[in-house]
Amino acid sequence: IEVQGEGIMYLSVLQKYNETAAEPLKNARNAAAGALRNLNPAVTAERKLDAFFYNVGYSSAPRPYSTHMEMLEFLRANRFKVNPYVKYFDSIDAVYEELMRLSERRHELDYLIDGAVIKLNDLRTRDALGYTDKFPRWAIAFKFEAEEAVTVLREVVWNPGRTGKLTPLAIVEPVDIGGVTVSNCTLNNMDDIVRKGLRFAIGTEIYIRRANDVIPEILGKVTEADDGGEIVAPSVCPSCGSPVEQRGAHLFCPNKLGCKPQIVARLSHFASRDAMDIETFSEKTAEQLLEERGVKDPADLYWLTKDDLLGLTRFGEKKAQNLIDAIEKSKTRDLASFLNALGIPNTGKTTTKMLAEHYRSLDALMAATPEELMNLPDVGGIVAESIHAFFADSLNRESISRMLAAGVRPTVPEPAAEAAANAADSPFFGKTVVLTGTLSSMTRDEAAKKLEALGAKVAGSVSKKTDFVIAGESAGSKLTKARELGVTVIGEEELLNILNSN
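Here is a short report on the structure shown in this document. (Residues numbered from 1 in each chain as written. Predicted model: local features only at pLDDT ≥ 70, side-chain atom pairs only at ≥ 80, totals over all residues. Heavy atoms only, no water.)

### Focus: the sheet that holds strand β17 (residues 488-491)
Right, on to step 1. An order of β15-β14-β16-β17 is seen for the 4 strands of this open sheet, with the pairing classed as parallel. Each having just a single partner strand, β15 (457-459) and β17 make up the two edges of the open sheet. This sheet shows a mean twist of 30° between the axes of neighbouring strands, independent of strand direction.
Right, on to step 2. Here 4 bridges tie strand β16 (residues 468-471) to β17, and the two strands are oriented parallel to one another. Among the inter-strand pairings, A471 is bridged to a residue of β17, identified as G491.
Right, on to step 3. Those strands touched by helix α20 (residues 444-453) are β14 (432-436), β15 and β16, and its axis lies near 165° from that of β14.
Right, on to step 4. Strands β16 and β17 of the sheet are contacted by helix α22 (residues 492-501), whose axis makes an angle of about 85° with β17. (Pairing = 2+ DSSP bridges. Helix = DSSP H or I, 4+ residues; strand = E, 2+ residues; numbered from the N terminus. Axes fitted to C-alpha atoms, helices over the stretch in contact; angles between N-to-C directions. Contact = heavy atoms within 4.5 Å.)

### Focus on the packing of aromatic side chains
Right, on to step 1. Counting across every chain of the model gives 9 aromatic pairs.
Right, on to step 2. Their ring planes at 80° and their centres at 6.2 Å tell us that F142 and F144 sit as a pair that is edge-to-face.
Right, on to step 3. Residue classification places F142 among the partly exposed positions, given a relative accessible area of 25%.
Right, on to step 4. Ring pairing ties together the aromatic residues Y10, F52 and Y111, which thus form one cluster.
Right, on to step 5. The ring of F252 carries the charged tip of R247 above its face, separated from the ring centre by 4.4 Å.
Right, on to step 6. The side chain of K319 reaches across the aromatic face of F315, ending 4.5 Å from its centre. (Phe/Tyr/Trp six-rings, centres within 6.5 Å; stacked < 30°, edge-to-face > 60°. Buried < 20%, exposed > 50% of the residue type's maximum accessible area, 1.4 Å probe, protein only. Lys NZ or Arg CZ within 6 Å of the ring centre and 35° of its normal.)

### Concerning unusual backbone geometry
Right, on to step 1. Residue T280 is not a glycine yet carries a positive backbone phi of 75°.
Right, on to step 2. Of note, R314 is a non-glycine position whose phi angle comes to about 70°, a positive value.
Right, on to step 3. Position of R314 among the secondary structure elements: in the loop between α11 (306-310) and α12 (317-329).

### What about the side chain of E98?
Right, on to step 1. Secondary-structure assignment places E98 in helix α5 (residues 92-105).
Right, on to step 2. Of note is the side chain of E98, whose polar atom sits 2.6 Å from the side chain of R101.
Right, on to step 3. With residues up to four places along the chain from it excluded, the contact list for E98 reads Y85, K87 and F89. (Polar contact = N/O pair within 3.5 Å; in protein donor to acceptor, adjacent residues only side chain to side chain.)

### What about helix α14 (residues 349-359)?
Right, on to step 1. Those residues of α14 that fall on the buried side of the exposure criterion are T351, T352, M354, L355, A356 and Y359.
Right, on to step 2. Contact partners of the buried residues in α14: α13 (335-342), α15 (362-366), α16 (370-373) and α17 (381-392).
Right, on to step 3. Two residues or fewer after α14 comes R360, characterised by a positive phi angle close to 55°.

### Considering the side chain of E492
Right, on to step 1. Along the chain, E492 falls in helix α22.
Right, on to step 2. Of the buried charged residues, E492 lacks a salt bridge, with K329 as the closest side chain of opposite charge at 8.9 Å.
Right, on to step 3. Apart from residues lying up to four places away in sequence, E492 is in contact with T438, L439, S440, S441, M442 and A471. (Lys, Arg positive; Asp, Glu negative; His and termini not counted. Salt bridge = Lys/Arg side-chain N within 4 Å of Asp/Glu carboxyl O.)

### Details of the packing of α17 against helix α18 (residues 394-405)
Right, on to step 1. Close contact between α17 and α18 brings their axes to 5 Å; oriented N to C, the two are set at 70°. On the basis of the axis angle, α17 is roughly perpendicular to α18. Residues F390, F391 and A392 of α17 lie in contact with α18, whose contacting residues are S394, N396, R397 and I400.
Right, on to step 2. Considered class by class, the residues forming the contact of α17 with α18 number 4 nonpolar, 2 polar and 1 charged. (Parallel < 35°, antiparallel > 145°, perpendicular 65-115°, else oblique. Nonpolar A, V, L, I, M, F, W, Y, C, P; charged D, E, K, R; others polar.)

Right, dumping it as structure tokens:
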């Protein structure tokens, strides 16, 4: 049986913990999450976490209940702790009235909530409705309105990001909202500042809230008078001093190879998991390579040698070799990952994957016109112009040329028809596969992509619907569960044999 629940820290427990703690915890939610992530069980135990259980996900025996109400009674009977606040209604109007009552009473509870979940009671109806890719169709979360507070706007600083766009960040007097201390709030651009009446707001009181109880957002000034210091858009980049450019509603620093925050962010994005996936590479590594080895462009990474790294602080023989190996391994990432790594403005993983599948050639994409690009699915004028302008930029073309000269060869996906024909002959075609443990020949993400190309559905957990479990080194609970359920387990060597035969 699989029982699902949620770990929590009671507010009263947090208060008692902070009375004697050397480092007091700011809020219960982060305290619980930090305790569960901590690798030291003694630290986790000190937090005195609790839990509420709310669902039976899987059971090898027929379920002895037919409704949510009966399922919760089953959990209670088996000594699982269930939240005492569970109510049942036969009309949506009654549900709405209860939600309004709960929103007024939320602060009386001894634990944090940001809403309530409304579920269908009958389990057969749930089974019939099923799930989308991410969510059940038989449940929906109702979120309370975000809490608001009043504080003082101290200043606004402008930070350049990966693409050179300058984003204004509001520094405010620290204020507690829902158990979280807020001292920074993001603003979108100068238009956003003017729209919210903040042009003359430095040193004045403002309203802020945490959108969805997470993201700090400024709503506007408490008064309408222009009685504060003026927020002025910068004429030069605050990091490198280059004159800024206005592009649409945003300001940009054009100094791609001389603006440190841009360079560090661009290198970090290039090496990230959804891009070139260069293992062991971090933002700190990017900053160190920039300062000590003059690495300003992603192409520079492919011309580094082991000796270049050995002279760096915190780089010994093993770490230097690991990074060189990881950079070398990244040279054959697929075209979609390579395009995502380039950081083309206004594109993300979905768009770059579509571009890779359509063009199947870096040269063909680089030669595409805006009109041609606009004929592709979900590509409008702005995105088409962004893609065309990116590849027309001489610095970007030079960077790509240097990568190719260093041996970077983005792999191209098989044509869909040919891939489907090959996949149909695979034992993984139409099967549900779970990966667990560490694979020595590839990452789990790489293995997942290979399996999906053969028609497999890669899942994150083992159930009676799982057909295969691929087990690498140090496989844990998923392997144990697979054996208990009689699911076929495949080792890495057998996996490679199957992949190579296809």
